[in-house]
Amino acid sequence: MTKILLPTLSFLLFLGISAFAQQRTLSVETIMQDPKWMGTFPSDVRWDEHSERIYFKYNKDQDPEDSLYNIHVRTQELKKVSWGEERNLIPTQAVYSPNLTLKAYIKNNSIRLYHIKERKEQALLELEGRISNLNFLGNSLVAFRQGNNAFTYDLSEGSLRQLTNIRTGEEAKEKKASGQDEWLKEDNLKLLQVVREREAKKDSTRIVNESKQGGKTFHFYLGKRQIVHMAVSADRNFVLIVFNTPASSVSTKVPDYIAASGYTSDLDARPKVGTETGKSELGIYNLVEDTLYFAHVDQLPGIKDLPDYVKDYPDQKWEEKEREVVFSPAIISADGEKAITSIRSKDNKDRWIAAIDLATGRLQSLDRQRDEAWIAGPGIGWASGGGTLGWLPDDRHIYFQSEETGYSHLYILDVSNGEKTALTKGEYEVFDPFISKDKKYWYLSTSEVHPGERHFYRMPLFGGKMEKLTSMVGNNEVILSPDEKWLAILHSYSNRPWELYLQPNKTGAQAVALTDGQSEAFKAYPWRDPQLVSFEAADGASVPARLYLPNEEAKNGAAVIFVHGAGYLQNVHKWWSSYFREYMFHNLLTDLGYTVLDIDYRGSAGYGRDWRTGIYRHMGGKDLSDQVDGANYLINQHGVDKDRIGIYGGSYGGFITLMALFNEGDTFKSGAALRSVTDWAHYNHPYTANILNEPAQDPIAYQRSSPIYFAEGLKGHLLMAHGMVDVNVHFQDIVRLSQRLIELGKDNWELAVYPAEDHGFVEPSSWTDEYKRILKLFNQTLIK
């Protein structure tokens, strides 16, 4: 019996180890399948109005799409929300009354009120046409925009008032009669008494009506303008309107070869950089004077300044003229007496915070931030309406963010005397500041602990010591409860995806996990916690990176460098990466013996203004040399063979891969360039013009930054992959480069096309095919 039992136990133990080993082994097919295999992770977190439940998107039941769930704060019970309950929730865009007793919001194109104490919804107004720009002007007065006009509704009186008279199209101009027509009319009036009487009555009626109304009613005709935003002053004397006149630029067409119709169809895509952009204007509709006038930027300091790069074009005549600008929505003080706006020059070199003289439209600059590269950074962007900007409760100070010191910090400024105070200081950045409901504190997130960590803080309104409220290492995205007693925290770490936590709003309080969404299959693999390292660049800069080291017995002497995408992005951090597929692929590569390095090269987010603008006028300059210096770091510090280093990345990472293979062929043996920009003159305007200016004004920047000009330098093995319906980086980019490589007689490259894919791949089959090709490339070119 004993002799039989021991071998049986050994066999069973062997089977168990083998099964576990199989679970711990990664494959491209596994990691590139539908991400649902990893589990379900919370997103779009919000609170109910009474701080009792936390709502979020989740997929516990493996539905085709995420569903809405909630967790009760007291019982911590997870519950799936019915469609009926979801329809009855207050929209997240709701606005509070100043006394915090009401919330107003738009639902199904009607304005509704929620009485917080009574927990009762009230339908206020049912209107036709789109409603927007909803706001309280006091505890009983609501302002909003319907169509092209501003309205107010008085809750105490139940009265609706239209404030503006704005009409579409052009004002009809009275056609000037010819001499013949004037003679006919005059002759007709002389001959026919009834016609004379009717004309006189018509004129009399018009004069009486105009007298009743205090004169002729003013109408403003939009013409080609479109209204972007409206803001009504509390006294209802002014409406501040941001207009945009669209450019007549032609969009690019992207062919879809597998459209459902069976015919090739054209997709509309963005125009190319340098194409004419729209005209932005700030109008002041004076309701007392019944007229509209526009703000003028001629008094803004430096409005005619030329950029420094013009010195590179001494033979070109540069005209000093008033630059075009873009206005952000105006913000009116609670007392209705003052207003401010943020203004950006279209060449991206200046940002002004300006006070608006409501009576005249004159602009007074309160703060100017000038950057010879381009204006950007946390809280200073334009995608969210101009960045962080507003009034403090005293209606005397404004707040905003600025990179004045090289890092984006929070400032206040006294509009009565121009005195500016920095509320935060140091070599870190501030994110998403907002004021507490009692108007005594700021809440804000910062990277003060480490560039790769985010924590949530509380700080006195006029500055002082910041209280750190979160403590978990990684990223803590906090959603504060309406009563400000609780923090709902979306937290993740380098090797652990996002989960939801609950914590009292106190320093040192313990956060409790509310979700645990990882699947058993995902948990079975010991996902690496990559080392956060830095290496010295050739110019002396310290470059941050994430390092994946194989076990000594598995090490094969080869290395792969990953280049993340751009658009202002950070990937060297202590939280779960948006590049989670690539992260899993790096684990697979490390299992196979590769050393993997992931660099936050020059141009990456998270390290301040100088790092962000290190690529100005030369993409493929310092951002590329950082990859080369990273390769040297691997050779010198981690024993990597100098002849066996590969590089890959998508979008901007694909662009850098091309530049690496074309310009640094002695460093990189092979590379995979995915959905790559090949010629920046063919990319979009908002992103590219920031960094390289415009092609017609600064061709030097484009020629030294575009891979297509350097294709003759290809030495190593190149794989290119691109979606054919990519409306971001158009398929045309890779087609033009392919033709260039053919004409140059290069034969060490291949192109994989994906007919069903846009810029961000969706289909698991496409991800799998693409990464099997990448792995094959590295295995064939880097492994001896």
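Residues numbered from 1 in each chain as written. Predicted model: local features only at pLDDT ≥ 70, side-chain atom pairs only at ≥ 80, totals over all residues. Heavy atoms only, no water.

Turning our attention to the overall build of the protein. Looking only at helices and strands, the protein features 14 helices and 45 strands. C-alpha extents for the protein along the principal axes are approximately 125 × 70 × 60 Å. Excluding contacts between residues fewer than 6 apart, the proportion of contacts in the protein whose partners are at least 24 apart in sequence is 57%. Counting only carbon and sulfur atoms, one obtains 50% of the accessible surface of the protein, whose full area is about 37,000 Å². (Helix = DSSP H or I, 4+ residues; strand = E, 2+ residues; numbered from the N terminus. Contact = heavy atoms within 4.5 Å. Areas by Shrake-Rupley, 256 points an atom, 1.4 Å probe, with all protein chains shown as cover.)

What follows deals with the side chain of Q146. Tracing the chain through its elements places Q146 in strand β10 (residues 141-146). Owing to a relative accessible area of 18%, Q146 belongs among the buried residues under this scheme. With sequence-adjacent residues up to four places away left out, Q146 is seen in contact with L127, E128, G129, R130, I131 and F151. (Buried < 20%, exposed > 50% of the residue type's maximum accessible area, 1.4 Å probe, protein only.)

We now examine the pairing of strand β38 (residues 531-536). In terms of strand pairing, β38 meets strand β39 (residues 542-548) through six bridges, oriented antiparallel. Paired with E536 across the two strands is S542, which belongs to β39. The turn linking β38 back onto β39 is made up of five residues, and G540 within it adopts a positive phi angle of 95 degrees. (Pairing = 2+ DSSP bridges.)

In this section: the sheet that holds strand β8 (residues 120-126). The pairing of strands in a sheet happens through backbone hydrogen bonds and is either parallel or antiparallel. Strand order in the open sheet formed by four strands is β5-β6-β7-β8, with antiparallel pairing between adjacent strands. Two strands in the sheet have a free side with no partner beyond their single neighbour: β5 (95-96) and β8.

Burial of strand β42 (residues 645-650) is extensive: six of the six residues sit out of reach of the surface. Neither face of β42 is exposed, since I645, I647 and G649 on one face and G646, Y648 and G650 on the opposite face are all buried. Sheet analysis places strand β40 (residues 559-563) next to β42, joined by five bridges and oriented parallel. From the neighbouring strand, I561 faces β42, where its bridge partner is I647. Two strands pair when backbone bridges link them, and β42 and strand β43 (residues 670-674) are joined in this way by five bridges, in the parallel orientation.

Okay, the packing of helix α7 (residues 580-591) against helix α14 (residues 764-782) next. Between α7 and α14, the least distance of the axes is 12 Å, while the angle of their chain directions is 35 degrees. Crossing of α7 against α14: the hand is right-handed. Mapping the contact onto sequence places R581, E582, F585, L588 and L589 in α7 and W767, Y771, I774 and L775 in α14. Of the residues belonging to the contact of α7 with α14, the class tally is seven nonpolar, no polar and two charged. (Axes fitted to C-alpha atoms, helices over the stretch in contact; angles between N-to-C directions. Left-handed = near helix turned anticlockwise from the far one by under 90°. Nonpolar A, V, L, I, M, F, W, Y, C, P; charged D, E, K, R; others polar.)

On to the sheet that holds strand β2 (residues 53-58), then. Across the sheet, which stays open at both edges, the four strands sit in the order β1-β2-β3-β4 with antiparallel pairing between neighbours. Looking at the sheet topology across the chains shown, the edges are occupied by β1 (43-47) and β4 (78-80). Across the sheet, the axes of successive neighbouring strands diverge by a mean angle of 25 degrees, strand direction being ignored. Judged from the three bridges that link them, β1 and β2 form a sheet pairing that is antiparallel. Within β2, the position partnered with W47 by the bridge is I54.

The next subject is a nonpolar patch on the surface. Taken together, the side chains of L191, L192 and V194 define a hydrophobic patch exposed on the protein surface, amounting to about 280 Å² of accessible area. Relative to the elements of secondary structure, L191 occurs in helix α4 (residues 179-191). (Patch = residues over 30% accessible without salt bridge, like charges linked within 9 Å, V, L, I, M, F, W, Y side chains within 5 Å. Salt bridge = Lys/Arg side-chain N within 4 Å of Asp/Glu carboxyl O.)

The terminal C-alpha atoms of α7 lie 17 Å apart, and with twelve residues this matches the ideal 16 Å at 1.5 Å per residue to within 8%. Taking burial as the measure, the twelve residues of α7 include eleven buried ones, the bulk of the element. Buried within α7 we find F580, R581, E582, Y583, M584, F585, H586, N587, L588, L589 and T590. G593 lies just past α7 and shows a positive phi near 105 degrees. (Expected span 1.5 Å × (residues − 1).)

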